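Breakdown of the fold
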Amino acid sequence: MSRDPEFALDESLAQQPAKGHPKGLYVLFSTEMWERFNFYGMRALLTLFLVSALKFSDKDASIIYGGFLGLSYLTPMFGGYISDRYLGNRNCIILGGAIMGVGQLLLFLSGYTYAGNLSLATNIAWAALAVIIIGNGFFKPNISSMVGQLYRKGDTRLDSAFTIFYMGINCGAFLGMSICPFLGDVKVGEVRVVEAFKWGFLAAGTAMFLGVILFIFLKNKYVTDPEGKAIGTKPDFSKSTLSPTGEAEKAQFTTASILGVSVFMILAFFGIHYLSIDPNPIKSWVYPFIYASGISLAILILTDKTITSVERQRIIALYIVAFFVIFFWAAFEQAGSSLTFVADKQTDLNLFGFLLPPSFVQNANSIFIIVLAFPFSWFWLQLQKRNSEPISPVKQAIGLALLALGYYIIAVQVKDIGTSGKVGVIWLIVMYLFHTMGELCLSPIGLSLVAKLAPKRFSSLLMGVWFISNAAGYALAGTLGAIIPPTGDKFAFAASKGIDLQGVLDGKIQATASQLAVLAKENIDIHYPTFVGFTIHNLYEFFMVFVTLSGVAAVLLFLLSGILKKLMNGVR
């Protein structure tokens, strides 16, 4: 088989030192670190705030959480498009960061007013989440795509660079999920101090504004390409239509293709909406919009008239991998919803004499990322030197398998604890260790894969498409998080009111009207949740759903790796 001339050209340009990384990587590392402090710090508190302060049920909080994360990773496709066509990466990063900081201040205001006016506080919280979603759309795809622009096309250091960048993400996540929970998730004995949530949100907003200021002052000096030219500036389409590598600089979408895809998106939206009708408007309207948008954008990019045969195959390979990534994030992102509820209600949080806040436990993921990021980066480089490094899809299949193993470990531990027992927090930490190793095999490798496979004119837009797979995964995470069965606190409360909740759930006892009213007031379901026809009776069965989904996805992706290797045309 003859070698792809475009790939050969990429290799000829990749004559950079084999060691070290440009200083711009560490500027982007630091900027992303403070943004992730902001985002993950708030995320750690969000569902507990919704339940404790704004009086949502666990189920509705999980669905809101999934919808919020899904939209946060859907808007990057719009932010990527605006960047590629109008504002450039730099301006979008500054704009998005400032908007997110304002959103956190609104959450602070919601936490400040909830006690006096619950309705007003709830509306402010909705506005805050909407503002953060918009800000993240401008920020997220642009800072990630700038990492790839620091290097020449074909540079073999990209996997290593994105792993280092990913450590920046998790340094911020670690700081955010350490400081914000200790400020905002406060308990006196068994009683949560709900008034404290606002201080966690304020800390998150402060970090975001710090990251924006840092980027403004350092971007011009360090964020440059190998020739020292500024990257991420406003696009200029007036000079040429081809890049130095022979790629077209500007996409060409026909009016017919745009209209056709728009019609398809509307039909897909209403079709998915019809299949997922639910009393919760987020599940019924927002989730279908996320799924329909992702499918439609993927189709639109392939209608570009300038796409070559090799580019088309590489983009299709990216789409296939992105599909499997959905199942990873659907399972992984239980951290902020169902796993936080398990940590809060059915976990012994005493660790070596310290009583951990429930929202802090998920921080084990960030700690393990910081510890393992460089060893993983070194490991891939060593395999590369021996010409035995697996291609990106194989790495990602391994990541899915590790995720499944982590869930299997916790499933075994909760199998016999019943409704009143508690699992040791150490087992949640062990689960997060395997999830972290899976994440390092999948997420930074995926970001690197986008940088390798994306044509330059689609660098930010395809990064947005990649994040749409995250968005779809988060939407699915909300759906799956809502099928968690009643936790131990629900049974204890029912028993205190003379209600045999286990008997009611099993259909052995018919609750009276007054008992049903008591349970409804506390948002306690009287029926077991179901998923694709299966009834979820306990936490063991709940966790086995994620073992099955991620395990099957791992096997299928591995089996497809040979086909994907051909579609990637020399890119690993």
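Criteria and thresholds
Residues numbered from 1 in each chain as written. Predicted model: local features only at pLDDT ≥ 70, side-chain atom pairs only at ≥ 80, totals over all residues. Heavy atoms only, no water. Core = buried A, V, L, I, M, F, W, Y, C linked by side-chain atoms within 4.5 Å. Buried < 20%, exposed > 50% of the residue type's maximum accessible area, 1.4 Å probe, protein only. Helix = DSSP H or I, 4+ residues; strand = E, 2+ residues; numbered from the N terminus. Contact = heavy atoms within 4.5 Å. Phe/Tyr/Trp six-rings, centres within 6.5 Å; stacked < 30°, edge-to-face > 60°. Lys NZ or Arg CZ within 6 Å of the ring centre and 35° of its normal. 1 Å grid on protein atoms, 1.4 Å probe; cavity = no way out; pocket = protein on both sides within 12 Å on 5 of 7 lines; lining within 4 Å. Points joined across faces, edges and corners; volume = space filled by probe spheres on them.

Attention now moves to the nonpolar core. By size, the foremost hydrophobic cluster in this structure holds 169 residues, and its most contacted members are Leu28, Phe68, Ile301, Tyr407, Leu462, Trp466 and Phe543. It is helix α2 (residues 23-52) that provides the largest number of residues to this core, a total of 15 residues. In this structure, isoleucine 301 is in contact with Phe253, Ile307, Ile315, Tyr319, Phe458, Leu461, Leu462 and Val465, ignoring residues within four places of it in sequence. One finds Ile499, Leu501, Val504 and Ala511 within the second-largest nonpolar core, a separate group that totals ten residues.

We now examine the packing of aromatic side chains. Tallied over the full model, the rule gives 23 aromatic pairs. Ring centres 5.9 Å apart and planes at 45 degrees place the aromatic pair tryptophan 34 and phenylalanine 37 in the tilted group. Of this pair, tryptophan 34 and phenylalanine 37 both sit in helix α2, three residues apart, which is roughly one turn of that helix. Residue phenylalanine 37 is classed as buried on the basis of its relative accessible area, which comes to 5%. Three or more aromatic residues joined by ring pairs make a cluster, and in this case those are Phe39, Tyr40, Phe68, Tyr73, Phe328, Trp329, Phe332 and Tyr474. Directly above the ring of tyrosine 540 sits lysine 415, whose terminal nitrogen or CZ lies 4.8 Å from the centroid.

So, about unusual backbone geometry. Although it is not a glycine, phenylalanine 352 sits at a positive phi angle of roughly 55 degrees. The exposure class assigned to phenylalanine 352 is exposed, which follows from its relative accessible area of 72%. If you check the backbone angles, asparagine 523 has positive phi at about 60 degrees while not being a glycine. Looking at the secondary structure, you find asparagine 523 in the loop between α19 (513-521) and β7 (530-531). Residue classification places asparagine 523 among the partly exposed positions, given a relative accessible area of 36%.

Rolling a probe over the atoms, with the probe sized like a water molecule, indicates the empty space that remains. Applying the stated criterion across every chain yields a total of five cavities of 30 Å³ or more. Estimated volume of the largest cavity: approximately 120 Å³. Lining the largest cavity are 14 residues; nearest its centre among them are Lys140, Tyr166, Trp329, Ser443 and Asn470. If you list the elements that add at least two residues to the lining of the largest cavity, you get α2, α7 (158-184), α15 (425-453) and α16 (459-481). Of the residues forming the lining of the largest cavity, the biggest block, four residues, is contributed by α16.

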